[in-house]
Amino acid sequence: MILLSVSNIKKVYGEKVIFDDIAFSIDSNEKIGIIGVNGTGKSSLLKIMAGLEVPDQGEVITSNELVIEYLPQNPYFDEKSTVLEQVFKGTSPIMKVLREYERVAQQLEKDLMNEKLQKELMDLSGQMDAQGAWQLESEAKAILTQLGINDFEQKVANLSGGQRKKIALAGALIRPCNLLILDEPTNHLDNDTIDYLENMLKTKKCALAMVTHDRYFLERVTNRIIELDQGKVYRYEGNYEAFLEKKMLREQIEERQREKDASLYKQELEWMHKGVEARRTKQKARQERFYELEERMGGNNKQTMEIALGTSRLGKKIIELKDVSKTFDGKCVIKEFTYTVVRGDRIGIVGNNGMGKSTLLNLIAEKFTPDTGSVAIGDTVKIGYYTQESKDMNMKLRVIDYIKEKAEQVKLADGTMVSAGKMLEKFLFPPILQYSPIEKLSGGEKRRLYLLSVLMEDINVLLLDEPTNDLDIYTLQILEDFIDNFNGPVIAVSHDRYFLDRIADKIFAYEGEGQIVYTPGNYSDYHARKMQEAEVMEVKKEKVATSKKEKVNMAGPKLKFTFKEQKEYEQIDSVIEALEEKIQSLEADMVTNSTHFAKLQELTEEKEKVEEELMFQMERWEYLNELAERIKNQ
């Protein structure tokens, strides 16, 4: 069933056409990811779909059964409401009764003998029964608990930004709807929360339309991609990997068409240059076709954001952290951490929100000083620091003037010099936009401009604090390519699993009480280690339980294998050998597909499962052989 149709809509801001004549529909079983460069109108499109904005042309046609739940990037919060009251915001009858029930129940806790409140609560309980609201309340509390929110009566005013984002998500997930619209739902969330949200959305029985830069999220949740590109819309069936393949095919077809157009344009240009008398004898329609061809040729000149800058010399001593500790408000966020940064480092920093990940970057950037220990910076080190806030942006400045403050021109890796204006063009800021005030840019365009300003400085060490928040996928791809060619260490705090798999070869994981644990490899390698540790702990618990049971039964009947254990004991050596061979085969496939990231992720997940099975079988081998020895010796 079609829930919503966008019919030939157009949106203009000032003189800028955001998108024009775009059309598509959303079916009840579709989970759609909307992608595009910052400034192409993704958030505006979501607002139009949600009925919060009106298109300048065209219309949005909705089904009579459509119920929309919309979560913006920056949702409104009632500072005076409790967590549950905020979650139960909404105008549907079931939300109203839930909200009212929680309010009265909270008042009654403070005045247990109030007969009026008791009667009111009884009436509301009946309404809750009639509307089936009890299950919804239970689900809301379960979701909040999974998201790490346990105090349901806490005031919103006392919550951190990350906690607020979580209760906004919980509200969007719990409120009844058949079309859920989400704008950058993974921004500012830690990896555990993103994993939970991913699983929720995969199984949630409603249509989904979302804007997100998280490529693993798109890969695992969506079954359709809508791309906004130069004011037009392109539709692709399948997930993110399918989108990449089909987009490449589309661009190859477009490139062949451009080549044909260029050849035809050359012929027609020669004819047009033959003079007025010659043209009079030709069809007027041919002249019109020439002008159409010329316009099409001009529209096909896509800008590129590819960038490879030169870097200043970096000496042998870079950054040395020795026994560094830092505490805020009695909470230790870094405890006795030691590490020496080397030239080729590509370090990803992970951990739950509020654990102090940004603190490590601020210590390296000398914005903080350690409580104990030392941070030594080499004499040749020039740090570029991309922060979450970008506080130094003067919104009144024109785009070109802001960049010129950083550098009038920069040296590329090949030694050539490029002006600030040309660099802006490479970062998709055309000349007309370069003379606009920064305040006129979209949020994503501002972040892209800020990223360019950091990269244009004469740096040889790059620090990135949550770079994937608010940046589009295309800018992230350029940043990843820049990091590949950057001749210095890169240290990035990020919750974006794809980004960390793409750039990191070391992971610093915050695991509580100031402990930072080093793991070689990318994020998937770190995650596999965590899964293995959890599996080992579970096996140990089972062994302890088995050991206790065996001690109790020591005086009992004679030990022997069960029929199932006997079969398992006879076959387990060959089972283990097959699993080891499977892991070797998968590792070889991973090397072959090292640049095919979607396939690489699939192989990594399969390897994790096989390694978990191998760990289990090794534990069973140990148990069965111990039992065989005891049976032999009894």
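None of the values given here were measured: they were computed from a predicted structure.

Draft legend 1. Up close: the sheet that holds strand 18 (residues 490-493). Read across the open sheet, the six strands follow the order 14-17-18-12-19-20; overall the sheet is mixed. The outermost strands of the open sheet, each flanked by one partner alone, are strand 14 (383-386) and strand 20 (516-520). The sheet shows a mean angle of 15° between the axes of neighbouring strands, taken without regard to direction. Pairing between strand 12 (residues 346-350) and strand 19 (residues 506-510): four bridges, direction parallel. Bridging across to strand 19, I349 finds its partner in F508.

Draft legend 2. Local environment of the pattern of salt bridges. Inspection of the entire model under this criterion finds 37 salt bridges. Linking E198 and R220 is a salt bridge whose minimum nitrogen-to-oxygen distance equals 3.5 Å. Highlighted residues: E198 in helix 7 (residues 191-203) and R220 in helix 8 (residues 215-221), separated in sequence by 22 residues. Assessed through its relative accessible area of 23%, R220 is described here as partly exposed.

Draft legend 3. Examining helix 12 (residues 357-364) more closely. Counting buried positions along helix 12 gives seven out of eight residues, so the element sits mostly inside the fold. Taken together, the buried positions of helix 12 are occupied by K357, T359, L360, L361, N362, L363 and I364. One or two residues past the end of helix 12 sits E366, with phi positive at roughly 60°.

Draft legend 4. Broad picture of the sheet that holds strand 13 (residues 372-377). If you walk across this open sheet you meet the three strands as 11-10-13, and the pairing is antiparallel. The sheet is open, and its two edges are formed by strand 11 (331-341) and strand 13, each paired on a single side. Ignoring which end each strand starts from, the neighbouring axes of this sheet average 25° apart. Sheet topology places strand 10 (residues 319-328) next to strand 13; five bridges connect them, and they run antiparallel. Bridging from a neighbouring strand, I319 pairs with I377 of strand 13. Packing of helix 12 onto the sheet brings it into contact with strand 10, strand 11 and strand 13, and relative to strand 10 it is tilted by some 130°.

Draft legend 5. Focus on the pairing of strand 6 (residues 179-183). Counted residue by residue, strand 6 has five buried out of five residues, so it is predominantly covered. Side chains L179, I181 and D183 project from strand 6 onto one buried face, and the interleaved L180 and L182 project onto a second face that is buried too. Of the strand pairs in this sheet, strand 5 (residues 68-71) and strand 6 are connected by four bridges, and their pairing is parallel. If you follow E69 over to strand 6, its bridge partner there is L180. In terms of strand pairing, strand 6 meets strand 7 (residues 207-211) through five bridges, oriented parallel. Bridge pairing in strand 7 places L180 opposite L208. In this fold, the crossover linking strand 6 to strand 7 by way of helix 7 has right-handed handedness.

Rules and cut-offs
Residues numbered from 1 in each chain as written. Predicted model: local features only at pLDDT ≥ 70, side-chain atom pairs only at ≥ 80, totals over all residues. Heavy atoms only, no water. Pairing = 2+ DSSP bridges. Helix = DSSP H or I, 4+ residues; strand = E, 2+ residues; numbered from the N terminus. Axes fitted to C-alpha atoms, helices over the stretch in contact; angles between N-to-C directions. Salt bridge = Lys/Arg side-chain N within 4 Å of Asp/Glu carboxyl O. Buried < 20%, exposed > 50% of the residue type's maximum accessible area, 1.4 Å probe, protein only. Contact = heavy atoms within 4.5 Å. Right-handed = clockwise from strand over helix to strand, strands pointing away.

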